[in-house]
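As a plain string of letters, each chain reads:
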Amino acid sequence: MRVQVHLRAEKLGNIARGRWRGKKSNPYAVVSLPNELGPNASASGEVELGKTEVRGDNLSPQWTTIFYVDHDADRAWTPLKIAIYDSRKSAEKRMNPNRRRSDSVRSTELAALPVPRTFGLPSLYNTGDPPMGEINLEVGEVLQMEGQEAKLELDTGGYLFVHITESIDEQSRRKSEDPASGNFSCHIRGLDLENIEKGFLGLGAIDPYFELSKKYVDPRSGVVRWHVVYRSEHKPDIINPYWHPFCIDVEKLCHGDMDRELKLSVWDHQRGAMKNRWLGECIVSANILRQSVTKGGNASREWALSILDEEKEEKGLVVVLKADVV
């Protein structure tokens, strides 16, 4: 049985340099299979499955990285080790890991440089990033919990939430004997987003980004949760942003069910210790995004999706420029 592992944390202990000045840690998680043998195992007997993205200045991160794990349902014993670290790289280095001070490489050349892959291989890096906590768990136990999620207290402070669910679940199987596969390629833009940050003399503007979350419903208890599967970059000082195109595995996005509910939320990015501000959201699916591709240009409102706040008031539009399975 293939399962998906999704991680988030709350109230992590702050070990950042300069925390007395209000700085926060930059947490990321590393997921490993302990007690493994074979060519991919490290000297300590672990196989690293991968690591999440770094969430800068955030003690309650919701990581978008999803890990696949092959769980032996008959054996019913698949241990996982999850360690959290505080990235000590600067924000610029996290965004441009290949750049050096002496680099005079043009940005187009920089983008073409290879990035080391760690998925499915033993860890080959030793960053010296300080640990923020570590837990060990068993996949089968989490699958049997209410909501298929474990809340685990860390010795260094805070909690790690580990959600594990079957990758192609019963809901997807009921809808189709042949769940969708491939990569979902999408490109969207914002249009007429409400400016809630006008700044001095009304000259400022919001720094919008969006999140795409998938809906989870526990088949036994009915517990409903939303798990973030993609987060865009933020665009500074603009109410009509063009976000970068993105591509995500259909199985990770919607468990192969193109009609599964997704939530598209738009946020205003805040610098430093300030909390990001929610503008609004709309409920979609992969199929709805495909059906909503604009037919009248990138500023057409005819097929645009409305972003609504809690009072169901429109806070702007999202225009779908491209959406398809490739």
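Please read these numbers as outputs of a predicted model, since none were measured by experiment. (Residues numbered from 1 in each chain as written. Predicted model: local features only at pLDDT ≥ 70, side-chain atom pairs only at ≥ 80, totals over all residues. Heavy atoms only, no water.)

Engineer: So, the overall build of the protein: which residues are in play, and what are the values?
Structural biologist: Secondary structure summary: the protein contains 6 helices and 16 strands in total. Taking all 326 residues of the protein together, 45% fall into the buried category. For the protein, the proportion of contacts with a sequence separation of at least 24, taken over those separated by at least 6, is 69%. Accessible surface for the protein amounts to roughly 17600 Å². Of this, 49% is attributable to carbon and sulfur atoms. (Helix = DSSP H or I, 4+ residues; strand = E, 2+ residues; numbered from the N terminus. Buried < 20%, exposed > 50% of the residue type's maximum accessible area, 1.4 Å probe, protein only. Contact = heavy atoms within 4.5 Å. Areas by Shrake-Rupley, 256 points an atom, 1.4 Å probe, with all protein chains shown as cover.)

Engineer: Talk me through the nonpolar core; I want residue IDs and the actual numbers.
Structural biologist: One finds Phe184, Ile188, Phe210, Leu212, Leu253, Leu264 and Val266 to be the most contacted residues of the largest nonpolar core, which totals 31 residues. With residues near it in sequence (within four places) discarded, Leu253 still touches Phe184, Leu212, Lys214, Val229, Ile248, Leu262 and Ala286. (Core = buried A, V, L, I, M, F, W, Y, C linked by side-chain atoms within 4.5 Å.)

Engineer: Can you explain the environment of Gly128? Please cite residues and give values.
Structural biologist: Considering the arrangement of structural elements, one finds Gly128 in the loop between helix 2 (107-111) and strand 6 (131-138). Residue classification places Gly128 among the exposed residues on the basis of a relative accessible area of 62%. In this structure, the C-alpha to C-alpha distance between Gly128 and Ser87, residues 41 residues apart in sequence, is 8.9 Å.

Engineer: Which residues make up the sheet that holds strand 7 (residues 149-153), and what values do they have?
Structural biologist: Taken in spatial order, the 4 strands line up as 4-1-8-7 in an open sheet, and their pairing is antiparallel. The outermost strands of the open sheet, each flanked by one partner alone, are strand 4 (62-70) and strand 7. Looking at each pair of strands side by side, their axes are set apart by 25° on average, direction ignored. Across 6 bridges, the pairing between strand 1 (residues 2-10) and strand 4 is antiparallel. Along strand 4, the bridge assignment pairs His6 with Ile66. (Pairing = 2+ DSSP bridges. Axes fitted to C-alpha atoms, helices over the stretch in contact; angles between N-to-C directions.)

Engineer: Hey, could you go over the environment of Ser167 for me, with residue numbers and the actual values?
Structural biologist: Assignment of secondary structure puts Ser167 in the loop between strand 8 (159-166) and helix 4 (170-175). You can call Ser167 buried: its relative accessible area is 1%. When the C-alpha positions of Ser167 and His255 are compared, they lie 5.8 Å apart, and in sequence the two are 88 residues distant. When neighbours within four sequence positions are excluded, Ser167 is seen to be in contact with Arg2, Val3, Gln4, Tyr68, Glu251 and His255. A polar side-chain atom of Ser167 sits 2.4 Å from a polar atom in the side chain of Glu251. (Polar contact = N/O pair within 3.5 Å; in protein donor to acceptor, adjacent residues only side chain to side chain.)

Engineer: If you had to explain the sheet that holds strand 2 (residues 27-33) to someone new, which residues and values would you point to?
Structural biologist: Reading across from one edge, 3-2-5-6 is the order of the 4 strands in this open sheet, with antiparallel pairing throughout. Lying at the two open borders of the sheet, with one neighbouring strand each, are strand 3 (47-51) and strand 6. Sheet twist, expressed as the average angle between the axes of neighbouring strands with direction ignored, equals 20°. Strand direction decides the pairing type here: strand 5 (residues 79-86) and strand 6, joined by 7 bridges, are antiparallel. Bridge pairing links Ile84 to Gly133 in strand 6.

Engineer: Provide a residue-level description of the packing of aromatic side chains, including the pertinent values.
Structural biologist: Remark: the centre distance and the inter-plane angle together describe each pair of aromatic rings, the angle taken between the planes. One pass over the structure, following the stated rule, counts 5 aromatic pairs. For the ring pair Tyr230 and Phe246, a centre distance of 4.3 Å and an interplane angle of 20° mean the geometry is stacked. Residue Tyr230 is located in strand 11 (residues 224-231), and its partner Phe246 is located in strand 12 (residues 246-249); the two are separated by 16 residues in the primary sequence. For the pair Tyr230 and Phe246, one class covers both residues: buried. Here the aromatic cluster, defined as three or more aromatic residues joined through ring pairs, consists of Phe210, Tyr230, Trp243 and Phe246. The ring of Phe161 is capped by Arg8, whose NZ or CZ atom sits 4.0 Å from the centre of that ring. (Phe/Tyr/Trp six-rings, centres within 6.5 Å; stacked < 30°, edge-to-face > 60°. Lys NZ or Arg CZ within 6 Å of the ring centre and 35° of its normal.)

Engineer: Tell me about the pattern of salt bridges, residues and numbers included.
Structural biologist: A pair can form between side chains of opposite charge whenever their charged atoms are brought close. As enumerated under the stated definition, the model contains 19 salt bridges in all. In this structure, the salt-bridge partner of Lys315 is Glu194, at a minimum N-O distance of 2.9 Å. Of the two residues, Lys315 is situated in strand 16 (residues 314-325) and Glu194 in the loop between strand 9 (183-191) and strand 10 (208-217); the sequence distance between them amounts to 121 residues. Accessibility expressed as a relative area gives 16% for Lys315, which makes it buried. Several salt bridges converge on common partners, so that one network encompasses Arg8, Glu10, Glu149 and Arg225. (Salt bridge = Lys/Arg side-chain N within 4 Å of Asp/Glu carboxyl O.)

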